Structures are given as C-alpha cells and as structure tokens.
Amino acid sequence: MPRDPQPTAPPAETPTKTPEKGFFGRLFGRDAPAAPSAPAAPVVRRVLDDDMLESLEELLIASDMGVDTALRVTSNLAEGRYGRRVSTQEIKQALATEVARIMEPVARPLPLYAKTPQVVLVVGVNGSGKTTTIGKLASQFRAAGKSVVIAAGDTFRAAAVEQLQVWGDRAGVPVLTAPEGSDPASLAFEAMTKAQADGADLLMIDTAGRLQNRQDLMEELAKIVRVIRKKDPDAPHNTLLVLDATTGQNAVTQVEIFRQVADVSGLVMTKLDGTAKGGVLVALADKFGLPIHAIGVGEQIDDLAPFDPEEFAAALTGLGD
Ligand SMILES: Nc1nc2c(ncn2[C@@H]2O[C@H](COP(=O)(O)OP(=O)(O)OP(=O)(O)O)[C@@H](O)[C@H]2O)c(=O)[nH]1
Ligand SMILES: [Mg+2]
C-alpha cells in the first residue's frame, strides 16, 4: 500500500530523544509542524498495526500510566481500528477519550457531610504539597461559608508551624499549634476538642511528611487516627493523600502504603502546573479507584482546581497541541 507523500520526513523510528509533543510526530514520521506560511500539510495517515500499537504502549508507559493500564488502553484503542489507516488527530482523540473514560468515575470533589466537625486528615510524603493544599482548601471552604480550623500536626519542625500559620492567615482560618517536638496525636486530640467546642464545620489536620518506608513515622500516623477516633469514631471522615505529580510511578507505592496505615479516602495531585502531566493518575484510577478531589496548579492560594477528566486527558495525550 503506498505511503502518503512525505519526502522530507525522517523515518518513523528516529532514535533521537523526542520532546513530549513530538512523539506523535515521530510515530507518524513527521516531527516539525508546518511553517505558518507553508501550504496546509496533507493529513498523514498510517496503518494502525502492531508496530504502531507497540509504540503507543511505550508512549503511555513513558507517561507513567503503568504497563497494565497502557496495555488495556491500547487494546481498547485497537478495537475497530486495527488495520485501518488513522491520523495523528484520530489517535490522540481516541486515546483522550479512553483516558477520560477511566478518569470520569474518580473525578469527585471532597464530599461534605452534615455531621460536624468533619475531620480531614492530610497525609503524604515529604514535600508533596500537604501544607500548601490545606491552605488552599481552607480558603475555598471559607469562601463557601464554612468555619474551618487547622491543626498543625507537623510538630517536627518549627518552620512547618510557621508556614501553616502564614496559610491560615491568608485563608482567614485559625491554626492550632503545639510546641516543636510534641506528640502530634495529642495536638490532634486537642484540636478535635476545640473544633467540637467551637462548632467548627471542618477540622483539617496537617501532618509531617513521611517516607512510606519509615515504620516509626507510619505508626505515628496510625496513632493520630486512633486518638481522633476517641472523640468521634467516624473520624477522620476524609483522609487525603497528597501526591506530587513529579514523582511519577512512585505514587503507586505511596498509595499502597498510606492506604494500609491511614485508610486513604481520596487523592490530591499537586504540581500539575509544571511539565509533569500526572499520567500516573490513570494507573491509580485503574488500580485503586480512589476519588481525585482536586489538583494543585501553582503555589498561590487560588491554585487548586477541581479534577477535570477531559482536560486532563487532553493534556496527557497532547490533544490540541
Ligand atoms: N508549582 C507548584 N508548587 C507547589 C504546588 N503545591 C505545593 N507546591 C510547592 O511545593 C513545595 C512543598 O509544599 P508543602 O506544602 O510545603 O509540602 P508538604 O507536603 O507540606 O511538605 P512537608 O511538610 O515538608 O512534608 C512548596 O514549595 C510549595 O510551594 C503546586 O500545585 N504547584
Ligand atoms: Mg508540610
């Protein structure tokens, strides 16, 4: 079968490292977009064969989607298209549709319950964005007319408490603190007492970042949960695991481990404003089905957005590039 005319195109398997946006170009044997003054380039089509499916699988795996999910996505994509001539745009569109379909059920905002105080425990590895996310969430809840209390459960570092106080000031929310080095579980207990006495709608508990391989710190987290439950057996009502988009596949292990200790109820992914596209969220949605409550898109107080499956899928697959 004759190929579409592409006299200047490099071979499909150019071995150079291709920037994210160039992948489809490489797959279709053309990398550079036409110059603005050039006549409209003909739409390149290629047969969707095993080679192309394999390249697509590699693309998806490289985007942190995980092998299992990548295989499933490409096999769904091949259905009804295998052996047909397809264009880049069709493939991107089909991939985006597939990804959005996986993500749709997990795109759910943080649920609010009638019973107060609703306790939101925020956990995650070091530097994932817990404290920042609490500041942003507190601000959103305040704007929605909720009364919020924050507990600075990261008692390891004085700087952590100060950082949270700055966020509390910005959000207009009181921050309960304890002396550096004191037991975060007892602060959590006091915070529960105060939130109940004040009739607060929400109590957000910040915790120190902990590596999932530090057993002692994970035990401390379990203790915070046990202590809160003495005040309210249903608490914490939400346990948010904050994931950093730049950590890639490691997020899968983080979810696995944190779920064992803290009964994670939902996810927030931060730092999606950078180059990381958060492809691992597809693997997480496929594997765990945990709701994605919000995404961090910057360092400012308003930089927290709802998770939008279609927008996410379009960004991940380069649709619209
Ligand atoms: N660009 C960007 N930066 C973010 C986002 N969320 C958090 N950050 C930055 O990431 C860094 C760590 O954020 P923190 O909120 O301190 O993270 P943490 O999980 O509380 O960290 P530890 O308490 O040390 O475990 C800070 O410099 C934040 O400004 C985001 O959505 N986008
Ligand atoms: Mg912190």
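To be clear, the structure that these remarks concern was listed above.
Definitions and limits used
- Residues numbered from 1 in each chain as written.
- Chains lettered and ligands numbered in written order.
- Predicted model: local features only at pLDDT ≥ 70, side-chain atom pairs only at ≥ 80, totals over all residues.
- Heavy atoms only, no water.
- Helix = DSSP H or I, 4+ residues; strand = E, 2+ residues; numbered from the N terminus.
- Buried < 20%, exposed > 50% of the residue type's maximum accessible area, 1.4 Å probe, protein only.
- Contact = heavy atoms within 4.5 Å.
- Areas by Shrake-Rupley, 256 points an atom, 1.4 Å probe, with all protein chains shown as cover.
- Phe/Tyr/Trp six-rings, centres within 6.5 Å; stacked < 30°, edge-to-face > 60°.
- Lys NZ or Arg CZ within 6 Å of the ring centre and 35° of its normal.
- Near = heavy atom within 4 Å.
- Polar contact = N/O pair within 3.5 Å; in protein donor to acceptor, adjacent residues only side chain to side chain.
- Pairing = 2+ DSSP bridges.
- Axes fitted to C-alpha atoms, helices over the stretch in contact; angles between N-to-C directions.
- Salt bridge = Lys/Arg side-chain N within 4 Å of Asp/Glu carboxyl O.
- Patch = residues over 30% accessible without salt bridge, like charges linked within 9 Å, V, L, I, M, F, W, Y side chains within 5 Å.
- Expected span 1.5 Å × (residues − 1).
- Core = buried A, V, L, I, M, F, W, Y, C linked by side-chain atoms within 4.5 Å.
- Lys, Arg positive; Asp, Glu negative; His and termini not counted.
- Charge placed at Lys NZ, Arg CZ, Asp CG, Glu CD.

What follows deals with the overall build of the protein chain. Scanning the protein chain for helices and strands turns up 11 helices and 10 strands. Within the span of the protein chain, comprising 321 residues, buried residues form 51% of the whole. Put simply, of all contacts in the protein chain between residues at least 6 apart along the chain, 77% involve residues at least 24 apart. Roughly 15200 Å² of accessible area belongs to the protein chain as shown, and the carbon and sulfur atoms make up 52% of that amount.

A complete count under the given rule lists one aromatic pair for this structure. Considering the side-chain rings of Phe307 and Phe312, the 5.2 Å spacing of their centres and the 55° angle between planes classify their relative orientation as tilted. Here Phe307 falls in the buried class, since its relative accessible area comes to 7%. Directly above the aromatic system of Trp167 lies the positively charged group of Arg170, at a separation of 4.4 Å from the ring centroid. Directly above the aromatic system of Phe189 lies the positively charged group of Lys231, at a separation of 5.2 Å from the ring centroid.

So, about the site of ligand 1. Near ligand 1 there are 20 residues, and of these Lys130, Thr131, Thr132, Asp273 and Glu299 occur at the shortest range. A distance of 2.8 Å is found between an oxygen atom of ligand 1 and a side-chain nitrogen or oxygen belonging to Thr131. The side chain of Gln163 places a nitrogen or oxygen atom 2.8 Å from an oxygen atom of ligand 1. Sort the elements by how many residues they give to the shell around ligand 1 and helix 5 (residues 130–143) lands first, with four residues.

Whether parallel or antiparallel, the strands of a sheet pair through hydrogen bonds between backbone atoms. Spatially, eight strands are ordered 5-4-6-3-7-8-9-10 in an open sheet, and the strand pairing comes out mixed. A strand with exactly one partner marks an edge of an open sheet, and here the two such strands are strand 5 (175–176) and strand 10 (304–305). Against the sheet, helix 7 (residues 184–198) touches strand 3 (118–123), strand 4 (148–153), strand 5 and strand 6 (202–207), its axis set at about 170° to strand 4.

Enumeration over the complete set of coordinates arrives at 12 salt bridges. When the shortest N-O distance is used, the salt bridge between Glu90 and Arg45 registers 2.7 Å. Here Glu90, found in helix 4 (residues 88–103), pairs with Arg45, found in strand 1 (residues 45–47); they are 45 residues apart in sequence, far enough to count as distant. A relative accessible area of 33% places Arg45 in the partly exposed class. For Asp49, the salt bridge identified is with Arg46, shortest N-O distance 3.9 Å. Note on Asp49: relative accessible area 27%, which makes it partly exposed. Arg46 gets classed as buried once you look at its relative accessible area, which sits at 13%.

What follows deals with a nonpolar patch on the surface. Taken together, the side chains of Ile61, Val67 and Leu71 present a nonpolar region at the surface, about 220 Å² in accessible area. On the secondary structure map, Ile61 appears in helix 2 (residues 50–62).

Tracing the sequence through the fold places Gly66 in the loop between helix 2 and helix 3 (67–78). The class for Gly66 is buried, based on a relative accessible area of 13%. Along the primary structure Gly66 and Leu281 are separated by 215 residues, whereas in three dimensions their C-alpha atoms are 9.7 Å apart.

The next point concerns helix 5. With 14 residues, helix 5 ought to run about 20 Å at 1.5 Å a step, and its terminal C-alpha atoms sit 20 Å apart, in line with that. Counting buried residues in helix 5 gives 11 out of 14 residues, a clear majority hidden from the surface. Looking only at helix 5, the buried set comprises Lys130, Thr131, Thr132, Thr133, Ile134, Gly135, Lys136, Leu137, Ala138, Ser139 and Phe141. Following helix 5 by one or two positions, Gly145 has its phi on the positive side, about 85°.

Among the nonpolar cores identified, the biggest contains 71 residues, and Met103, Leu203 and Leu284 are the most heavily contacted of them. Top contributing element to this core by residue count: helix 4, with eight residues. Those residues in contact with Leu284 that lie beyond four places of it in its chain are Leu243, Ala251, Val252, Val255, Leu267 and Gly289. Counting residues in each nonpolar core, the second largest holds 24 residues, with Trp167, Val175, Leu240 and Ala294 among its members.

A contiguous patch of negative charge, built from Asp50, Asp51, Glu54 and Glu58, is present on the exposed surface. If you trace the backbone, Asp51 turns up in helix 2.

Among the secondary structure elements, Asp206 is positioned in strand 6. With no salt bridge to any partner, buried Asp206 finds its closest opposite charge in Lys130, at an N-O distance of 6.0 Å.

Treat this as a map of the structure, not an account of what it does.
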